[in-house]
Amino acid sequence: MGAESIITGITRGGTVWTPQFVTALNEEKCIGCGRCFKVCPRDVLTIVQRAVDDVDFDDDDDDDDDGDNSFMTLTNPLDCIGCEACSRVCPKACFTHAELPLAA
Ligand code: SF4
Ligand code: SF4
């Protein structure tokens, strides 16, 4: 019965699935690579410049396209459809997702 109050979707083939909406983005871990921005279909994200004092020069495990002085923010979280594309491409596991109730 509880599942009825959770937001669900349905595929073209009729399979029900549960969107996992973005609830947080760890800006401290973010390296500003922009991958999530490129794949998000809903303009949920915006990349911003990091203040000079906050630039993280520890790039020991950054293997490519490091934005280094930028980070991603959640600017339109209510437009998220819970597709999880952002997390699939994020090299730093910055995103937190959750299913949400219909009346949130
Ligand atoms: S879950 Fe999908 S819609 Fe939501 S922020 Fe990530 S890519 Fe965008
Ligand atoms: S994919 Fe991850 S590390 Fe890259 S900009 Fe997005 S949140 Fe930051």
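All values derive from a computational prediction rather than experimental measurement. (Residues numbered from 1 in each chain as written. Chains lettered and ligands numbered in written order. Predicted model: local features only at pLDDT ≥ 70, side-chain atom pairs only at ≥ 80, totals over all residues. Heavy atoms only, no water.)

A. Highlighting the overall build of the protein. When helices and strands are tallied, the protein shows two helices and six strands. For the protein, the succession of helices and strands along the chain, N to C, is β-β-β-α-β-β-α-β. A burial count over the protein gives 31% of its 104 residues as buried. Residue pairs in contact within the protein that sit at least 24 positions apart in sequence constitute 73% of those at least 6 positions apart. Summed over its atoms, the accessible surface of the protein is roughly 6,900 Å², and 52% of this surface lies on carbon and sulfur atoms. (Helix = DSSP H or I, 4+ residues; strand = E, 2+ residues; numbered from the N terminus. Buried < 20%, exposed > 50% of the residue type's maximum accessible area, 1.4 Å probe, protein only. Contact = heavy atoms within 4.5 Å. Areas by Shrake-Rupley, 256 points an atom, 1.4 Å probe, with all protein chains shown as cover.)

B. Summary view of the site of ligand 2. Around ligand 2, the surrounding shell consists of Cys-30, Ile-31, Gly-32, Cys-33, Gly-34, Arg-35, Cys-36, Met-72, Cys-90, Pro-91, Cys-94 and Phe-95. Within the shell around ligand 2, the residues separate by chemical class into nine nonpolar, two polar and one charged. (Near = heavy atom within 4 Å. Nonpolar A, V, L, I, M, F, W, Y, C, P; charged D, E, K, R; others polar.)

C. Up close: the pairing of strand E6 (residues 95-98). Residues Phe-95 and His-97 line the buried face of E6, whereas the alternating positions Thr-96 and Ala-98 sit on a face that is not buried. Where strand E3 (residues 21-25) meets E6, four bridges bridge the pair, whose relative direction is antiparallel. Within E6, the position partnered with Ala-24 by the bridge is Thr-96. (Pairing = 2+ DSSP bridges.)

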